[in-house]
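Examination of the molecular architecture
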Amino acid sequence: MARGRLRVYLGAAPGVGKTYAMLAEGQRRRGRGTDVVIGLVEPHGRRLTTRMAEGLETVSRRTMVYRGLECTEMDLDAVLARRPQVALVDELAHTNVPGCRNEKRWQDVEELLDAGIDVVSTLNIQHLLSLADVVQEITGVRQTETIPDEVVRRAEQVELVDMTPEALRRRMVHGNVYPPDRVEVALTHYFRPGNLTALRELALLWVADRVEEGLRRYRAEHGILAPWETKERIVVALSGTRDEEALIRRAVRIAGRIPGSDLLAVHVSRDDGRVGADPAVLAGHRALVESLGGSYHRVADEDVAEALLRFARAENATQIVLGGAYRPLHELLGDRVVARVTRHAGGLDVHVLTHERAKRVEVPALPPLTGGLGRNRFGWGLLLTAVLLPLLTVFLTTVRGFGLAGVLLVYLLAVVGIALVGGVYPALAGALVAGVLADYLFVRPVHSLTVARVGDASVLVAFVVVAATVSAAVERSARRARRHARASAEAGTLADLATSALRDRDDLPALLERVRVNFALEALSLLQRDGAESRRWFVTASSGPRPPERPEQADTEVAVTDELMLAARGRPLDADDRRLLHGCAAQVAATWESRRSRRQAEALGERAVADRYRAEALRAAASDLEAEVTAAQGALERLRERRTPVTATQWAALCDRSQQAVRRIGALVGDLLDLSRVHAGALDVHLRPVDMDEVMAVALGDLGPGGHTLTLEMTEDLPDVIADATVLTRVVTDLAAHALRRSPDGEPPDVAVRTADGRVEVRVTDHGPLDVEAREAVGAPVPVTGLVPRLCADLVQLIGGELRWDATAGGGVTAVLSLPAAAGSAAGRAAD
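Structure report, in brief. Each residue is numbered by its place in its chain's sequence as written, counting from 1. Note on the predicted model: pLDDT of at least 70 is required for a residue's local features to be given, and 80 or more for side-chain atom pairs to be given and counted; whole-chain, interface and lining totals, by contrast, use all residues. For side-chain calculations, the full set of non-hydrogen atoms in the structure is used, while hydrogens and water are omitted.

We now examine empty space enclosed by the protein. Points on a 1 Å grid, built from protein atoms alone, make a cavity when a 1.4 Å probe fits but cannot get out and make a pocket when they are open with protein on both sides within 12 Å along at least 5 of 7 lines; residues with an atom within 4 Å of a point are the lining residues. Grid points are joined across faces, edges and corners, and a volume is the space filled by probe spheres set on the points. The full count for this structure, using the stated rule, is two cavities of 30 Å³ or more. Of the voids in this model, the largest cavity is the one considered here, and its volume is about 40 Å³. Lining the largest cavity, in full, are A12, A13, V16, M163, P165, L168, L196 and R200. At the level of secondary structure, the elements contributing two or more residues to the lining of the largest cavity comprise α7 (165-173) and α9 (193-222). Following the grouping adopted for this structure description, the nonpolar residues are Ala, Val, Leu, Ile, Met, Phe, Trp, Tyr, Cys and Pro, the charged ones are Asp, Glu, Lys and Arg, and the polar ones are all others, Gly among them. Class assignment of the residues belonging to the lining of the largest cavity gives a composition of seven nonpolar, no polar and one charged. Taken as a whole, the second largest cavity spans an internal volume of roughly 30 Å³. Forming the boundary of the second largest cavity are M696, A699, L700, V732, A736, V751 and V764. Elements are defined by DSSP. Helices are runs of H or I of four residues or more, strands are runs of E of two residues or more, and each kind is numbered from the N terminus. A per-element tally of the lining of the second largest cavity places helix α22 (residues 692-702) first, with three residues. In the lining of the second largest cavity, the residues fall into seven nonpolar, no polar and no charged.

Shown next as structure tokens:
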């Protein structure tokens, strides 16, 4: 028998129209003559969805009782027995009610497919197992119903049901998704525009990846080598030199300008056994590429250019980025890789990026022409040389009698002045010019550069040496002064940063703003890596407009720790600025660690409170268990003592007491298990309109036989409440049982259900004893301890209700359970 085919309508969020599209497909196939049935559809009260299901045969659901509440699930056996050509099954990731043959609905669908039945189903992107953690980060909601990705990948068709966030929010406002009373909460929490946009992007990318898999399979099956520009893929070729980090970052920026593009870095090593690039350098390149969101590849081939082109075509690349640099002469004699790749690229775009330091021979660098005094003073020094020396020469030639020594002394004073203004290079130029002028005008033979006497030549040489020495001393002093000023500024910056950190405590944005202002940057972000080996980053704190969200968006990056990085956008920073920024990064890391420690302490405090509540509940449960076990043991011992005469009535009473104790012990154990499930977040909750009449009937029935007496008062035409029916029934049952245990004989508890301020209140009043403080607080909330109150409080909080305990006049405690009323019923409108 051929296996059935699966078609999945995938959506980014509830309400985009997946179920409607599934039913429309069923109607289309039905009109074509195909045997189509509805295995299960959840219309969620949406009129258009219900109308679209009209005319389609529906297989009756299977009714099951779980915790005293009737639940319906798809009747798998009935669908298999009906054996249609196509079955419509909604909510593929749904978890079945305990007691069904399969735990998950997708497992039911697998059985239908194995039976040769085609299935059309629906799924939201947040239920895919691989995206559960990402969705939790985006929305803050942990998904408990998930489905393995492989199940959806095996589907013959996955069709995206897309809707813009704005359109979906308009649908919600018009009441086409949720009831009116839930719209405001949904719009301000899960359905925020940012959440919907992120979920939509996840859905689009996931479907795009599936389409890409199909395209690759098709190209491979048909032997297609020419690139199809369906998606931009940029290949950056790495030769393995140490200076290619700039090339990688340039390629990342090129890819970043094209949304949805992929970056692939490839290194071609020769397969002839010759020594290639340094493995440590290649490992660094790989780590950098992967940290910036790209993928790293290595191939071996004798022909580097041919290997690059073959790799690019195999990956359906559209662009190749190569590093063009200085090459030694013997490399220029052969056919260069860049030229060959460019000549044979065909439809590929080739970018040749130059990086100046690649394979250059490093030579000792001279000091900068501006010296240590700055560019402005260098210019003033040259101007002073050009003006002062001619003026002194005119003066010395006009006023005779100085002699050679006096002339050189005057020139030396001028050179010292030039050194003080412009630094070493203007002073050296001035010394040489002054020496030439003294030789030409004041040393015999005059007006000639020759020197007749050795003594005069020695004096000129000594003058130039002294002038150069004085100039160097002035330059060194200026550099030290500048270095001292720089150190003072750095110390001031660090001190200012430390003061700001102490003042603002753990205010990271304020600290980053201080750093940004001090370094005159446009924007600054503190990025945190999502895991030690992850390539995804997210912004922990930021300052300035449009802060970088990823390292490749930054102009300057400084590693703070293994998982933190400072990303700056703005002016380029020199080596000194980067060194100072590293010092600031240490302060930022300390502040971040302080904030994280504080949050961990708060979490530990909350956990301690939860542990204290849990310990109190366990102590109460232990006390109740001990009492019930003692009662059961006593009754059983009486039944075993044959010497003690026991009448039939006493025998029945002892049996009833034993059974009651055993049931109570089972209930306590169930309460403990449920409490642990609530705190572990393993309890699934489905909020929907719930009829209070049905809840009260089931809850009173769950109390069981035994002559229980309750006074029940219910307002007519009560509106439905928004809750989980199973959880709400459990809470009402536990509150009633707790009131029965506390109330003395002859004073039954009172249960009242009424509306108040658009909500529905369930008030359960017992007549048990109160301590002195509780009696004085009549009408005010009082603390109630024990396993049942603790469990009820946690369950009510889980379904969005409120539970408090008030002291009542004449003794006793009233449990007040408040739930939001569902709009749309006549009772709810009358109450409003």
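A few words now on the pattern of salt bridges. Salt bridges are counted wherever a side-chain nitrogen of Lys or Arg sits within 4 Å of a carboxyl oxygen of Asp or Glu. Applying the stated criterion to the full structure yields 22 salt bridges. Between E42 and R61 there is a salt bridge whose closest N-O contact spans 3.4 Å. Of this pair, E42 sits in the loop between β2 (36-40) and α2 (47-52) while R61 sits in the loop between β3 (57-58) and β4 (62-66), and the two are 19 residues apart along the sequence. Residue E42 is classed as buried on the basis of its relative accessible area, which comes to 15%. Using a 1.4 Å probe on the protein chains alone, a residue whose accessible area is under 20% of its type maximum counts as buried, one over 50% counts as exposed, and one in between counts as partly exposed.

Here we come to the nonpolar core. Side-chain atoms within 4.5 Å link the members of a nonpolar core, which is a set of buried Ala, Val, Leu, Ile, Met, Phe, Trp, Tyr and Cys residues. By size, the foremost hydrophobic cluster in this structure holds 58 residues, and its most contacted members are L23, L88, L112, L123, I125 and I147. Per element, the largest residue contribution to this core is six residues, and it comes from α9. In terms of nonpolar packing, the next biggest core, distinct from the first, is built from 32 residues, V690, V721, V732 and V753 among them.

With that out of the way, let us pick up a nonpolar patch on the surface. Here, patches come from residues exposed beyond 30% relative accessible area and free of salt bridges, joined within 9 Å for like charges and within 5 Å for nonpolar side chains (Val, Leu, Ile, Met, Phe, Trp, Tyr). Throughout, the Shrake-Rupley method with a 1.4 Å probe supplies accessible areas, and for residues the shown protein chains are the sole cover considered. A surface patch of nonpolar side chains, about 430 Å² in accessible area, is lined by W380, L383, V387 and L391. Along the chain, the position of L383 falls in helix α15 (residues 375-398). Residue classification places L383 among the partly exposed positions, given a relative accessible area of 45%.

Right, let's get into the sheet that holds strand β24 (residues 813-820). At least two DSSP bridges between two strands are required for those strands to pair. Pairing is mixed in the open sheet, where five strands are placed in the order β19-β21-β22-β24-β23. A strand with exactly one partner marks an edge of an open sheet, and here the two such strands are β19 (711-714) and β23 (802-807). The sheet shows a mean angle of 20° between the axes of neighbouring strands, taken without regard to direction. Sheet topology places strand β22 (residues 759-765) next to β24; seven bridges connect them, and they run antiparallel. Bridged to V760 within β24 is L819. By definition in these notes, contact holds between two residues if any of their heavy atoms fall within 4.5 Å. Throughout, an axis means a line fitted to C-alpha atoms (over the contacting stretch in the case of helices), and angles, computed between N-to-C directions, take values from 0 to 180 degrees. The strands that α22 touches are β19, β21 (750-756) and β22; relative to β19, the one it contacts most, it runs at about 170°. The strands that helix α23 (residues 725-742) touches are β22, β23 and β24; relative to β24, the one it contacts most, it runs at about 170°.

So, about the sheet that holds strand β15 (residues 537-543). Pairing in this open sheet of four strands is antiparallel, and the strands run β15-β14-β17-β16 from one edge to the other. Looking at which strands have only one partner, the edges of the open sheet turn out to be β15 and β16 (556-559). Ignoring strand direction, the axes of neighbouring strands in this sheet form an average angle of 25°. Packing against the sheet, helix α19 (residues 508-518) makes contact with β14 (521-529), β15 and β17 (564-570), and its axis sits at approximately 70° to β15.

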